[in-house]
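Results of the structural survey
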Amino acid sequence: MNNYPTMSTVQIGDELPKMKKQASEAELFLYSAASFNPHRIHYDRAYANFEGHDDLVVHGPLQGSWLTQFVTDWAGPRARLLSIEWQNRASAFVGDELIFAGTVTAIDQANTSVELEISEKNIDGTLLMPAKANVRLAGA
Amino acid sequence: MNNYPTMSTVQIGDELPKMKKQASEAELFLYSAASFNPHRIHYDRAYANFEGHDDLVVHGPLQGSWLTQFVTDWAGPRARLLSIEWQNRASAFVGDELIFAGTVTAIDQANTSVELEISEKNIDGTLLMPAKANVRLAGA
Amino acid sequence: MPSSLIPPDSLKRIGEVLSGPFTVRIELREAQRYAYAVGDLNPIYFDETAAVAAGYATLTVPPLFLTHALVQPKPIENLRTDGLYNDNASIELRVSRMMFGGEEWDFHEPVCVGDEITGTTRLADLDEKEGQKGSFVRLVRETTFTNQRGDIVAKSRQIGIAR
Amino acid sequence: MPSSLIPPDSLKRIGEVLSGPFTVRIELREAQRYAYAVGDLNPIYFDETAAVAAGYATLTVPPLFLTHALVQPKPIENLRTDGLYNDNASIELRVSRMMFGGEEWDFHEPVCVGDEITGTTRLADLDEKEGQKGSFVRLVRETTFTNQRGDIVAKSRQIGIAR
């Protein structure tokens with residue numbers, strides 16, 4: 001047994017367990033490599049500075065994948081992510097501590113799904129990516 | 001028809017057409033990615049300096065693959081590389097102009113193969129990688 | 001009012017296919033490298049028993065890996081200074097900078113290792129808007145992903161902001 | 001004379017399997033990404049007709065790609081500061097720096113896309129030598145590559161210099 005939410009246990013206002021991410025130079029490299037993205041702003045600090053960035057930029061889609069992981073870690077392997085969307089409000093840089101938080105904002109019993117509002121913030125509290133997701137919960 | 005060497009045309013002392021390579025930061029990244037190698041000395045200049053390197057280091061195996069290309073470009077697609085070996089004498093860095101040169105040093109008619117001596121030098125003339133290769137030539 | 005940032009020829013490209021259709025097989029090792037790089041160790045990406053227990057036919061893959069699975073190998077001759085490639089998917093605009101604005105995804109069917117996924121990307125939207133810092137262009141690239149059975153498995157909308 | 005740089009327990013590891021056997025399928029896209037990254041546009045890696053005309057069963061791959069085809073996906077938890085992974089293939093030595101010394105390859109049979117290649121790496125040699133700059137360790141990792149028919153297709157010897 002596990003503690004994943006189900007349609008009978010989930011409640012509006014439930015908070016997802018916070019998740020922290022912090023990517024090193026090597027981790028940004030590995031994501032660039034795994035996503036087949038040679039853009040220099042992610043591994044070449046001098047070039048990132050030349051383009052006006054304070055430091056190596058954390059890939060938007062990497063943060064997107066962290067958002068999906070944040071949802072699926074909470075919902076469990078039998079749940080199904082139905083949709084997710086996020087906006088890129090501000091950049092994250094190598095070494096930044098990034099905090100993911102989220103809340104259940106709606107429950108659709110007919111569709112056995114819930115709506116989540118999610119935020120990714122840095123430790124200054126700056127909102128980097130506001131996001132929304134719909135997930136179909138497992139069980140009944 | 002083409003101008004690839006055959007056992008009837010090749011002669012001891014034949015020189016291979018010189019080849020030049022010069023890898024940018026993005027090209028080193030792409031090789032790191034394609035070879036699944038996250039070693040920071042190839043994309044993180046500050047870290048490369050910290051390890052005592054003057055700049056981003058060109059991967060030894062990338063230079064090895066350039067050596068094989070140098071041979072197969074000369075020998076043609078119907079030839080077969082039988083063996084190759086090289087020593088790493090000095091480092092190559094991002095942006096360095098690297099010159100590959102080679103000579104036919106022996107011909108083995110029974111094995112329909114030739115032996116090559118190859119050098120990779122930088123524009124200062126420093127020998128970075130001495131190499132030897134055996135290649136079976138196509139045709140007769 | 002004519003757009004000051006979007007040339008008329010670029011506006012005409014709305015609806016145009018920018019890349020694809022490309023078909024690729026979802027590869028275990030590529031997907032696992034992606035999951036490791038994200039730091040997402042969900043067993044449904046690594047342990048077939050766990051994936052089957054969770055209702056998948058076999059190992060599944062991180063949802064957003066789909067975009068990357070479709071990336072075609074390209075020659076270094078086409079590299080630009082910034083490390084990206086020159087390609088036909090670039091839309092000509094009178095702007096100096098393109099930023100990543102966000103993404104919207106809908107997932108319809110599971111995607112598993114071994115699936116043959118076809119992706120086609122279109123210019124779904126292109127318009128000029130007024131913001132606090134002046135005019136900007138909002139560019140939407142929509143990709144539809146279908147599997148070997150012809151099912152639409154997912155749609156993504158990647159939003160670019162240019163000013 | 002006992003070796004000053006090689007602990008006895010490390011000497012005992014000569015002959016030991018350091019990694020593998022691992023079996024992987026040679027993937028078109030991985031091999032082409034490798035060829036593009038090298039800047040080697042030989043048509044036998046890209047054009048099936050050219051590969052067949054050159055005597056291959058189908059597309060072949062750059063000779064040294066074999067090493068990389070065998071690299072296993074690994075979790076970022078195992079990353080070290082230098083970006084490499086902690087693994088069992090490390091040999092304990094009383095040295096401060098390991099350098100890439102060179103490689104030796106023998107090729108016996110062609111390798112084509114779709115082949116299932118098994119690679120096993122052993123510690124083939126480990127000894128201490130005297131050089132102009134003092135003692136150093138020469139470490140040889142030998143990998144044997146076989147295909148799905150059991151043929152040995154290639155052997156590589158990677159030479160590490162540590163001091």
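Refer to the structure presented above.
The following refers to the structure shown. Throughout this document, residue positions are counted from 1 along each chain, in the order its sequence is written. For naming, the first written chain is A and the first written ligand is 1, with later ones following in the order written. Given that the model is predicted, a residue must reach a pLDDT of at least 70 before its local features are reported, and side-chain atom pairs must reach 80 or more before they are shown or counted; all residues, however, enter totals for whole chains, interfaces and linings. Values shown for side chains rest on all heavy atoms present in the structure; no hydrogens or waters enter the calculation.

1. Focus on the sheet that holds strand β5 (residues 127-136) of chain A
Here is the rule we go by: Strand pairing follows a simple DSSP-based rule, namely that at least 2 bridges must link the two strands. Secondary structure elements are defined from DSSP: runs of H or I of at least 4 residues count as helices, runs of E of at least 2 residues count as strands, and each element is numbered from the N terminus. Geometry is summarised by axes, namely lines fitted to C-alpha atoms with helices restricted to the contacting stretch, and by angles between N-to-C directions that run from 0 to 180 degrees. The contact criterion used throughout is that any non-hydrogen atoms of two residues lie within 4.5 Å.
With antiparallel pairing, ten strands are arranged side by side in an open sheet as β1(A)-β3(A)-β4(A)-β5(A)-β2(A)-β2(C)-β5(C)-β4(C)-β3(C)-β1(C). Taken across any chain shown, the strands that pair with only one partner, and hence form the sheet edges, are β1 (19-21) of chain A together with β1 (17-25) of chain C. Strand-to-strand twist across the sheet, computed as the mean angle between neighbouring axes with direction ignored, equals 20°. Of the strand pairs in this sheet, strand β2 (residues 80-87) of chain A and β5(A) are connected by six bridges, and their pairing is antiparallel. By the bridge assignment for β5(A), E85(A) is matched with K132(A). Of the strands in this sheet, β1, β2, β3 (98-108), β4 (113-122) and β5 of chain A together with β2 (98-107) of chain C are in contact with helix α3 (residues 60-75) of chain A, which crosses β5(A) at around 45°.

2. Section: the packing of aromatic side chains
Using the following cut-off: To pair, rings of Phe, Tyr and Trp, with the six-membered ring standing in for Trp, must have centres within 6.5 Å; the planes then decide the type, stacked if under 30 degrees apart, edge-to-face if over 60, and tilted in the middle. Burial classification: accessible surface area is computed with a 1.4 Å probe over protein chains only, and a residue below 20% of its type maximum counts as buried, one above 50% as exposed, and the rest as partly exposed.
The final tally for this structure, using the stated rule, is 19 aromatic pairs over all chains. For the pair F70(A) and F100(A), a centre-to-centre distance of 6.2 Å together with 40° between the ring planes defines the contact as tilted. Of the two residues, F70(A) is situated in helix α3 and F100(A) in strand β3; the sequence distance between them amounts to 30 residues. For F100(A), a relative accessible area of 0% puts it in the buried group. Summarising the aromatic geometry, the rings of Y36(D) and F46(D) are spaced 4.6 Å apart at their centres and angled 40° between planes, so their arrangement reads as tilted. Residue Y36(D) is located in helix α2 (residues 28-38), and its partner F46(D) is located in the loop between α2 and α3 (48-53); the two are separated by ten residues in the primary sequence. Under the relative-accessibility criterion, Y36(D) is labelled buried at 14%. By relative accessible area, which is 24% here, F46(D) ends up partly exposed. Through a chain of ring-to-ring contacts, three or more aromatic side chains come together here, namely F29(A), Y43(A), F29(B) and Y43(B).

3. As for unusual backbone geometry
A cis amide bond links G20(C) to the next residue, P21(C), at an omega of 0°. Mapping P21(C) onto the fold places it in strand β1. Phi at F36(B) is positive, roughly 60°, even though this residue is not glycine. Secondary-structure assignment places F36(B) in the loop between α1 (25-34) and α2 (45-50).

4. Here we look at the interface of chain C and chain A
How we decide: Once two parts are brought into contact, the accessible area they lose, counted with a 1.4 Å probe and summed over both, makes up the buried area. By salt bridge we mean one thing: a side-chain nitrogen of Lys or Arg within 4 Å of a carboxyl oxygen of Asp or Glu. We define a polar contact as two N or O atoms separated by no more than 3.5 Å, with the added condition that, inside protein, one atom must be a possible hydrogen donor and the other a possible acceptor, whereas residues neighbouring each other in sequence contribute only through side-chain atom pairs.
Taken together, the contacts link 32 residues of chain C with 36 residues of chain A. Counting each side, the surface lost to burial between chain C and chain A is near 2,800 Å², with a carbon and sulfur contribution of 55%. Joining chain C to chain A, the criterion identifies zero salt bridges. Summed over the shared surface of chain C and chain A, the result is 18 residue pairs in polar contact (both at pLDDT 80 or more). Secondary structure elements with two or more residues in the side of chain C that touches chain A: α2 (28-38) and β2 of chain C. Among the elements that line the side of chain C that touches chain A, the one with the most residues is β2(C), at eight residues. Direction of pairing for β2(A) relative to β2(C): antiparallel, over a ladder of five bridges.

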